[in-house]
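Structure at a glance
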Amino acid sequence: MAVVAKRDTGKDVKLFTYSWTGKDKTGKVVRGEVRAGGETVVLAQLRRQGIQVSGVKKVTHRGGKKISEKDITFFTRQLAVMMKAGVPLLQAFDIVAKGTDKGAVAKLFTDIKGDVETGTSLSRAFRKYPLHFDNLYCNLVGAGEQAGILDELLDRLATYKEKMEAIKGKIKSALYYPIAVLIIAFIVVAVIMLFVVPAFKSVFASFGAELPGPTLFVMGISDVFVAYWYLIFGVIGLTFYSFMKAWRKSPSMQIVMDRILLKMPIFGPVIRKATVARWLRTLATMFAAGVPLVEALDSVGGAAGNHVYLVATRRIQQEVASGSNLTISMQNANVFPNMVLQMASIGEESGSLDSMLGKAADIYEREVDEAVDSLASLMEPLIMVVLGTIIGGLVVAMYLPIFKLGQVV
């Protein structure tokens, strides 16, 4: 494949990817891809290399699936493995871009490759896409470039992101299971109210006897469902949509929800342990990479994923910058368990802070795993009791008149 030299076309020029085919000076058929501001630029570049162009086509990346955190984690691991194996950086980007079936992912990596080709450092190229590469990611890559150990830091970064993904997955599974069951329970109750209870009501109308209170209560709820089902579903759907949108878009809402999540019964301790584990793992990773402590704390608060710990981290950063040691600053923040404080103190005294923080993160990650497993075993019987009470109560209420009729007969 012929290699096309690229020039910096300026910051204001939008670059596109073009695939081309042609013949070189020996008459051999060659093909390749190049990023340029237009087809005429591609033709000019190829002619200067003595290539007789037979076709140029703009590459459009389809399959507009969104780029997920898992995609970035997988990319980081792939890039780390290839760089350790001695694959050149630009070729590694080519392999990753062509190996994905997501058009958005391929376009992202092709764009980054184009920036690197023009002389931009890898960390600066990543910073152009803050939705996918946060400050922590870019800082670690930048540190690796400066120290000449990019492959090592990419490997450490990939391990870090894999651990974070695992923790997030555990928490999501712990929260999604009861939510999914409650949604299914609501649907089942709605079906009973809309179709089953009205059928019983028509049967009971022929009895001509007074119905028990529980039966009348259920039938009254059923009448409301039948008359206003569209309003009930509409209000619930709109409320849920508005709540989720406000949670994502409103900073004040996020702050309130972060505080509530930490104080929730049953789930709160698990979320707090996961947050502490992320905080420790992030600081350990950055400190081990040679990032100064004060600078590392810039990324740690946001990586923890909770506003309470973000505020605490900012306070810790201010105290450390003014000369206080990390352990005392963490103690003043009043959000870290005593075990974490003791391990941080030992790490500072022994000069192995990154190692001790990493071990503390390992402990809390294991505790999160154990807590989620215990939570799952606890939630199953609890959910069964709740569902049994609701569904069983409806069934008993509708069969009470039949039981009474059997007694009379």
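One can find the structure itself at the top, above this paragraph.
What this report covers is the structure whose coordinates are included nearby.

Calculation notes
- Residues numbered from 1 in each chain as written.
- Predicted model: local features only at pLDDT ≥ 70, side-chain atom pairs only at ≥ 80, totals over all residues.
- Heavy atoms only, no water.
- Helix = DSSP H or I, 4+ residues; strand = E, 2+ residues; numbered from the N terminus.
- Rg over C-alpha atoms; globule rule 2.2 N^0.38 Å.
- Buried < 20%, exposed > 50% of the residue type's maximum accessible area, 1.4 Å probe, protein only.
- Phe/Tyr/Trp six-rings, centres within 6.5 Å; stacked < 30°, edge-to-face > 60°.
- Axes fitted to C-alpha atoms, helices over the stretch in contact; angles between N-to-C directions.
- Parallel < 35°, antiparallel > 145°, perpendicular 65-115°, else oblique.
- Contact = heavy atoms within 4.5 Å.
- Nonpolar A, V, L, I, M, F, W, Y, C, P; charged D, E, K, R; others polar.
- Expected span 1.5 Å × (residues − 1).
- Left-handed = near helix turned anticlockwise from the far one by under 90°.
- Core = buried A, V, L, I, M, F, W, Y, C linked by side-chain atoms within 4.5 Å.
- Salt bridge = Lys/Arg side-chain N within 4 Å of Asp/Glu carboxyl O.

1. Description of the overall build of the protein chain
The helix and strand inventory of the protein chain stands at 15 helices and three strands. In summary, the protein chain has a C-alpha radius of gyration of 30 Å against a globular reference of 22 Å for 409 residues, an excess of more than 25%. Its C-alpha atoms give the protein chain principal-axis dimensions of about 105 × 65 × 35 Å. Within the protein chain, buried positions represent 39% of all 409 residues.

2. Description of the packing of aromatic side chains
In the structure shown here, the tally under the stated rule is twelve aromatic pairs. An aromatic cluster of at least three residues, connected via ring pairs, comprises Phe75, Phe93, Phe109, Phe126, Phe133 and Tyr137.

3. Here we look at the packing of helix 8 (residues 213-249) against helix 9 (residues 251-263)
Helix 9 packs onto helix 8 with a crossing angle of 100 degrees between their chain directions and a minimal axis gap of 6 Å. When the interaxial angle is binned, helix 8 and helix 9 end up roughly perpendicular. Across the interface between the two elements, Phe243, Ala246, Trp247, Arg248 and Lys249 from helix 8 touch Pro251, Met253, Gln254, Met257 and Leu261 from helix 9. For the contact of helix 8 with helix 9, the class distribution of residues is seven nonpolar, one polar and two charged.

4. Side note on unusual backbone geometry
In this structure, Asn334 takes a positive phi of about 60 degrees despite not being glycine. Classification of Asn334 as exposed rests on a relative accessible area of 68%.

5. A closer look at helix 11 (residues 293-304)
For helix 11, which comprises twelve residues, the first-to-last C-alpha distance of 16 Å matches the rise-based estimate of 16 Å (1.5 Å per residue) to within 8%. As for helix 11, its buried residues are in contact with helix 6 (135-147), helix 10 (267-288), helix 12 (307-321) and helix 13 (326-333).

6. Side note on the packing of helix 7 (residues 150-205) against helix 8
It is at 9 Å that the axes of helix 7 and helix 8 come closest, and there the two elements cross at 135 degrees. When the interaxial angle is binned, helix 7 and helix 8 end up oblique. Along this stretch, helix 7 crosses helix 8, giving a crossing that reads as left-handed. The residues of helix 8 that touch helix 7, namely those facing Phe186, Ala190, Met193, Leu194, Val197, Pro198, Lys201 and Phe204, are Thr215, Val218, Met219, Ile221, Ser222, Asp223, Phe225, Val226, Trp229, Phe233 and Ile236. Grouping the constituent residues of the contact of helix 7 with helix 8 by class yields 15 nonpolar, two polar and two charged.

7. As for the nonpolar core
Nonpolar side chains in soluble globular proteins generally cluster together in the buried interior. Core analysis: the largest hydrophobic core is formed by 82 residues, its most contacted members being Phe109, Ile112, Phe126, Phe133 and Trp279. If one sorts the elements of this core by residue count, helix 15 (residues 353-408) sits on top with twelve residues. With 14 residues, the next largest nonpolar core counts Ile192, Val197, Phe200 and Met398 among its residues.

8. Here's the deal with the pattern of salt bridges
Tallied over the entire structure, the rule returns 14 salt bridges. With its nearest N and O atoms 3.6 Å apart, the salt bridge here joins Glu367 to Lys273. In this pair, Glu367 is assigned in helix 15 and Lys273 in helix 10, connecting sequence segments 94 residues apart. Judged by relative accessible area, which is 28%, Lys273 ranks as partly exposed. Residues participating in the shared-partner salt-bridge network are Lys163, Arg281, Asp362 and Glu365.

Honestly, it's all geometry; don't read function into it.
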